[in-house]
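A closer look at the structure
The chain contents come next:
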Amino acid sequence: MKQFPGFLVRVIIFLICLIKSVGASEPPFSVALENSLQIRYIANEGVLLTHGKQKVLIDAHHFQGNPLYDHVPPLRLQQMVNGLKPFDGVSLILATHMHADHFDAATVGQHLLLNSRTRFVASEQMTSLIKKEFKQYEKIRGQIETVTPGVGFFEEGEFNGIRVKLLGMKHSGKRFNTMQNIAYIIKLGKYKLLHIGDADGSIQNFEPFKLPSEGIDIAFIPYWFLTHKALQKIVNEYIQPGRIIAIHIPPAKAAEVAKEVLEYYPGAIVFTKPLQTVEF
Ligand SMILES: [Zn+2]
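It should be emphasised that the depicted structure is a prediction, and the values quoted were computed from it without experimental measurement. (Residues numbered from 1 in each chain as written. Predicted model: local features only at pLDDT ≥ 70, side-chain atom pairs only at ≥ 80, totals over all residues.)

Before going further, it helps to examine the sheet that holds strand β6 (residues 144-146). Read across the sheet, 7 strands follow the order β6-β5-β4-β3-β2-β1-β14 without closing on themselves; strand pairing throughout is mixed. The open sheet terminates on both sides in strands that have one partner only, identified here as β6 and β14 (277-279). Looking at each pair of strands side by side, their axes are set apart by 20° on average, direction ignored. In this structure, strand β1 (residues 37-43) lies alongside β14, joined through 3 bridges in antiparallel fashion. Within β14, the residue paired with Arg 40 across the bridge is Thr 277. On top of the sheet, helix α5 (residues 124-133) reaches β5 (119-122) and β6; it is set at about 140° to β6, its chief contact. (Pairing = 2+ DSSP bridges. Helix = DSSP H or I, 4+ residues; strand = E, 2+ residues; numbered from the N terminus. Axes fitted to C-alpha atoms, helices over the stretch in contact; angles between N-to-C directions. Contact = placed C-beta atoms within 7 Å.)

This is how it looks when you write it as structure tokens:
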């Protein structure tokens with residue numbers, strides 16, 4: 001009988017621990033939402049990343065360019081620059097290079113003008129184009145940061161509270177030799193995301209950055225890297241992402257490309273439908 005109270009105390013402690021551990025494994029709904037990452041397809045290589053209060057737009061401001069590829073329809077572009085849902089409170093705008101199917105200087109300028117909290121970080125070619133083409137540049141110059149790592153080099157910084165690594169990579173194709181193409185590694189919560197723009201698929205272009213040791217969780221990859229044997233080597237050996245999102249898909253060939261991508265990479269997500277959304 002003397003030992004009974006001690007036993008009872010141990011049972012009660014055990015029960016309290018059990019309740020606590022169950023509680024810990026299922027966080028309240030709002031906490032789960034805070035930590036989750038949402039990725040929306042905008043057009044071509046354009047995506048919106050949302051993690052808690054942080055929002056990042058990459059290659060999402062364009063309405064023309066190569067007619068083969070997807071562009072942002074006028075109404076959506078208006079919603080974006082006006083900061084209407086889901087584009088409200090964008091922290092950071094990034095653009096990989098200045099080709100018209102990735103970037104429009106005046107549209108980015110307008111977005112910054114109407115959303116004073118938003119920052120734009122890109123290479124000199126793009127920021128100088130805003131200076132040249134956007135009439136109210138003086139009002140937004142404080143929101144713009146120019147970072148231009150040379151090919152094979154990187155620079156790192158925190159912009160509006162978001163950790164970003166900018167990698168200088170060659171654009172594909174000899175005729176675009178002078179095009180500055182920046183790949184971005186963005187850290188959002190526990191996730192590391194990579195966007196390579198139109199990077200050239202040579203080993204020399206990827207090797208310097210030792211991407212496998214970065215531990216990339218999600219990589220946005222132009223679809224041709226996923227369907228051509230020689231370029232698959234880059235993905236498999238020089239990027240090694242946890243998850244692949246295929247982008248830059250011509251709408252006219254969407255079904256056929258999606259099928260081919262999934263044959264080689266069954267776990268890939270293929271972005272073909274505007275505002276298609278995935279959650280992690
Ligand atoms: Zn390009």
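The topology assignment puts Val 108 in helix α4 (residues 105-114). Between the C-alpha atom of Val 108 and that of Leu 94, which follows or precedes it by 14 residues, the distance is 9.6 Å. Other than its neighbours up to four places away in sequence, Val 108 contacts His 61, Ile 93, Phe 120 and Ile 130.

Two numbers describe how helix α3 (residues 74-81) lies on α4: the axes approach to 8 Å, and their chain directions differ by 40°. When the axis of α3 is compared with that of α4, the two are oblique. Residues Leu 77, Met 80 and Val 81 of α3 form the contact with α4, whose own contacting residues are Thr 107, Gln 110, His 111 and Leu 114. (Parallel < 35°, antiparallel > 145°, perpendicular 65-115°, else oblique.)

Everything listed is a geometric property; what it means functionally is a separate question.
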